[in-house]
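# Observations on the three-dimensional arrangement
Listed below are the residues making up each chain.
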Amino acid sequence: MEVRVRYAPSPTGLQHIGGVRTALFNYFFARAKGGKFILRVEDTDRERYSDQSLQDLYDTLDWLGIKWDEGPVVGGPHTPYVQSERLEIYQEYAKKLVDMGKAYYCYCTPERLDALRKKQEEEKSPVQGYDRHCRNLTQEERAELEKQGIRPVIRLKVPTEGSTTFHDILMGDITRENKDISPDPVLLKSDGYPTYHLANVIDDHMMGITHIMRAQEWIPSGPLHIILYQAFGWEPPVYCHLPMVMGKEVDPVTGEVHFAKLSKRHGSTSVRDFRAKGYLPEALLNYVSLVGWSYDGEKEFFTREELEKVFNLESINKAPGVFDYQKLDWFNGQYIRMKTDEELADLLMPYMVNAGILKETEKQRLLAFVPGVKDRLVLLSDVVTMCEFLKDQGKPAVQLLIPKKMDAQSTLKALELTYAFVKKGFAEKMTDQQLQDGLCALAAENGFKNAAMFNPLRTAVTGLQVSPPPFSCIRLMGEQEAFRRIERAIDVLKEEA
Ligand code: GLU
Ligand code: ZN
């Protein structure tokens, strides 16, 4: 049997790390089994729906390189894949349930339901929810209500006795007493829109979904869905509810560690945020796949193509996965180092342009700078802070120019030698390595330590004590500006010497 799985988000916000993890697990499982990955847009909650979230869904999957085999945009044998375009299907199937005696029309007004809710609250009634008032209306009573022009909803008849069990391949059998299941939930609203339960079950069945992998927070809906499958006489798919993605909190006072569902309190949660900060899709995809899944407990680096081959359900963890921001940072740094200078320059360029540091046409300057910062970047956006030195700090303070155990006189000599050499080196188009080696040789010839050459040069060029390597800085800022700053530092030293 062909494996068919789906990611079925409701476009009501930005794609969250937890949702993306669900998408990835489904996608990788489909690929590993040679099956199909389906994207279905569950947009029946019209109040919370937004076009922007739908666009964000597409952008996120595109950015991660996740292609769906069937779904919106690409189409497929079960078109349409957007629930708001399938209303007639849900209406038809809801009516079928009524005809089969598995569901019924309810004419209760919002006022009646409100009053009921209040009464239950006041009486602290053990039964909460709908009182099944319309379940046994006679034909005549119904006809009368119809005549009054009341547009009914359709409710599911949930059995009042017995229990319902569904099997989850991670959690085992999950059983609920039927009397504890929501009493006769609405399947079809009076405006003709389905509720989540109805649309979800019909679509999973019609689209031939074989395995449902979704967040554990949907477990409580499981028994209800089973009752729906039974009502239709359909075989339910295999369930695999995924362990939650948690964030870690450390109490600042007691130092105690807590875990809670990952939320903004812990850090970024939307993929769009991660992307804006300069995480690479490879790093995010790789790390997120390891939240609640592992290959052999050892191997950590996986390309998308590898995961498409090795992902399996057996290795999904039963315990909640903890989203470790530091570990993601580490992955990001590693993936940055795997880029060629050229690729990295392309990735960094938008950050430089947005920050107003470079113009679109100045990529060559960035390319010359990249080797100096590649090993230090954690996020792509870090490059902007690393360019702090471009801002002219003014004349450097003389104490900052003079290395330890040296005086103005000797520093002046060292910087003059350095400057002459660097100028010549740049004129001769020496590489960073040649410049570095040459400057070390020059230090030795003149009885200076290396630091005597490099430290004043750094301070002169950048005005800072900590910066990317000075040659990289010179290449980015341009020789003219760099040499002007060195000459200025030489003047400062001359005044003091
Ligand atoms: N639309 C639901 C969601 O937003 C889908 C849940 C499911 O996968 O059944 O998560
Ligand atoms: Zn009713």
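Note: the structure precedes this text.
By convention here, each chain's residues receive numbers from 1 onward along its written sequence. Chains and ligands are labelled sequentially in the order written, the chains with letters from A and the ligands with numbers from 1. Totals for whole chains, interfaces and linings use every residue, but because this is a predicted model, local features are given only for residues with pLDDT of at least 70 and side-chain atom pairs only at 80 or more, for both listing and counting. With hydrogens and water set aside, each side-chain value is computed from the structure's full complement of heavy atoms.

### As for the coordination of the zinc ion (ligand 2)
Counted only if it meets this: Only nitrogen, oxygen and sulfur atoms count as donors, using a 2.8 Å cut-off from the metal that widens to 3.2 Å for Na, K and Ca. Water is left out, so coordination shells may look unfilled. Labels for metal geometry use angle windows, namely 85 to 135 degrees for all angles of a four-donor tetrahedral site, and for square planar (four donors) or octahedral (six donors) sites opposite donors over 155 degrees apart plus all others within 65 to 115; sites meeting none of these are irregular. Any residue under 20% of the maximum accessible area for its type is buried, any over 50% is exposed, and the rest in between are partly exposed; the area is computed with a 1.4 Å probe on protein chains only.
Bound to the zinc ion (ligand 2) are the protein donor atoms Cys106 (SG), Cys108 (SG), Tyr130 (OH) and Cys134 (SG), situated 2.0 to 2.3 Å from the metal. If you look at the zinc ion (ligand 2), its 4 donor atoms make angles of 99 to 119 degrees with each other, and the shape they trace is tetrahedral. Here the donor residues for the zinc ion (ligand 2) map to a single chain with the spacing C-x1-C-x21-Y-x3-C. Cysteine 108 matches cysteine 106 in its accessibility class, with the two residues each being buried.

### Observations regarding the layout of surface pockets
This is how the line gets drawn: Site definitions follow a grid-based scheme: protein atoms alone, a 1 Å grid, a 1.4 Å probe that fits but cannot get out for cavities, and for pockets an open set with protein on both sides within 12 Å along at least five of seven lines, plus lining residues having an atom within 4 Å of a point. Grid points are joined across faces, edges and corners, and a volume is the space filled by probe spheres set on the points. Where helices and strands are cited, they refer to DSSP runs of H or I of at least four residues and of E of at least two residues respectively, numbered from the N terminus. Residue polarity follows a fixed list, in which Ala, Val, Leu, Ile, Met, Phe, Trp, Tyr, Cys and Pro are nonpolar, Asp, Glu, Lys and Arg are charged, and the others, Gly among them, are polar.
Reported here for the largest pocket is a volume of approximately 980 Å³. The wall of the largest pocket is formed by 36 residues, among which Ala8, Pro9, Ser10, Glu217 and Trp218 lie closest to the centre. The set of elements that each furnish at least two residues to the lining of the largest pocket consists of strand 1 (4-7), helix 1 (17-32), helix 6 (196-206) and strand 8 (211-215). Considering every element that reaches the lining of the largest pocket, the biggest residue donor is helix 1, with 4 residues. Residue classes in the lining of the largest pocket are distributed as 14 nonpolar, 13 polar and 9 charged. Taken as a whole, the second largest pocket holds about 350 Å³ of empty space. In this structure, the second largest pocket is lined by 19 residues; those nearest its centre are Thr109, Pro110, Leu113, Arg117 and Arg155. Those elements that provide at least two residues to the lining of the second largest pocket are helix 4 (110-122) and strand 4 (153-156). Ranked by residue count, the leading element in the lining of the second largest pocket is helix 4, at 6 residues. Partitioned by chemical class, the residues of the lining of the second largest pocket number 10 nonpolar, 4 polar and 5 charged.

### Description of the site of ligand 1
Our working definition: Any residue with a heavy atom positioned within 4 Å of a molecule or strand is treated as near that molecule or strand. We call two N or O atoms a polar contact when they sit within 3.5 Å, provided that within protein one can donate a hydrogen and the other can accept it, with sequence-adjacent residues counted only if both atoms are side-chain atoms. Per-residue and other accessible areas were derived by the Shrake-Rupley procedure at a 1.4 Å probe size, with only the shown protein chains allowed to occlude residues.
As a structural note, the neighbourhood of ligand 1 is formed by Arg6, Ala8, Ser10, Glu42, Tyr196, Asn200, Arg214 and Trp218. At a separation of 2.9 Å, an oxygen atom of ligand 1 approaches a polar side-chain atom of tyrosine 196. Separating an oxygen atom of ligand 1 from a side-chain N or O atom of tryptophan 218 is a distance of 3.4 Å. A total of 290 Å² of accessible area belongs to ligand 1 in isolation, and the protein chains cover 84% of it.

### Observations regarding the packing of helix 9 (residues 281-289) against helix 11 (residues 325-337)
Spelled out, the test is: Angular values range over 0 to 180 degrees, each being the angle between N-to-C directions of two axes fitted as lines to C-alpha atoms, with helices fitted over their stretch in contact. Our angle categories are set so that under 35 degrees counts as roughly parallel, over 145 as roughly antiparallel, 65 to 115 as roughly perpendicular, and the remainder as oblique. In this scheme the crossing of two helices becomes right-handed for a clockwise turn of the near helix relative to the far one and left-handed for an anticlockwise turn of less than a right angle. Residues count as neighbours in contact if any of their non-hydrogen atoms are within 4.5 Å of one another.
Helix 11 packs onto helix 9 with a crossing angle of 140 degrees between their chain directions and a minimal axis gap of 8 Å. In terms of orientation, helix 9 and helix 11 fall into the oblique class. The interaxial crossing formed by helix 9 with helix 11 has right-handed handedness. Between helix 9 and helix 11, the residues in contact are Glu282, Ala283, Leu284, Asn286 and Tyr287 and Lys327, Leu328, Phe331, Asn332 and Tyr335, respectively. Grouping the amino acids of the contact of helix 9 with helix 11 by side-chain chemistry returns 6 nonpolar, 2 polar and 2 charged.

### Let's talk about the packing of helix 6 against helix 7 (residues 222-232)
Close contact between helix 6 and helix 7 brings their axes to 10 Å; oriented N to C, the two are set at 55 degrees. With respect to their mutual orientation, helix 6 and helix 7 come out oblique. Considering only the axes of helix 6 and helix 7, their crossing is right-handed. Contacts from Tyr196, His197, Leu198, Asn200, Val201, Ile202, Asp204 and His205 in helix 6 reach Leu224, His225, Leu228, Tyr229 and Phe232 in helix 7. Tallied by class, the residues present in the contact of helix 6 with helix 7 amount to 8 nonpolar, 4 polar and 1 charged.

### Thoughts on the nonpolar core
As a reminder, the rule being used: Grouping buried Ala, Val, Leu, Ile, Met, Phe, Trp, Tyr and Cys residues that are joined through side-chain atoms within 4.5 Å yields what is termed a nonpolar core.
Ile17, Ile316, Phe323, Leu366, Phe471 and Ile486 are the most contacted members of the largest nonpolar core, which has 106 residues in total. When residues of this core are assigned to their parent elements, the largest contribution, 9 residues, is made by helix 1. Look past the residues within four positions of isoleucine 17 in its chain and what remains in contact with it is Val245, Leu262, Thr269, Val271, Phe274, Leu284, Val288 and Phe323. Counting 45 residues, the second largest nonpolar core, distinct from the first, contains Tyr107, Val153, Ile154 and Tyr193.

### Quick notes on the pairing of strand 10 (residues 245-250)
Here is the rule we go by: A pair of strands counts as paired when DSSP detects no fewer than two bridges linking them.
One ladder, built from 2 bridges, connects strand 10 with strand 12 (residues 321-322); its direction is parallel. For methionine 246, the partnering residue across the bridge sits in strand 12 and is valine 322. Across 5 bridges, strand 10 lies against strand 11 (residues 257-261) in antiparallel orientation. For valine 250, the partnering residue across the bridge sits in strand 11 and is valine 257. Here strand 10 folds back onto strand 11, and the loop between the two strands holds 6 residues, one of which, glycine 255, carries a positive phi near 75 degrees.

Function cannot be inferred from these measures alone, as they are strictly geometric.
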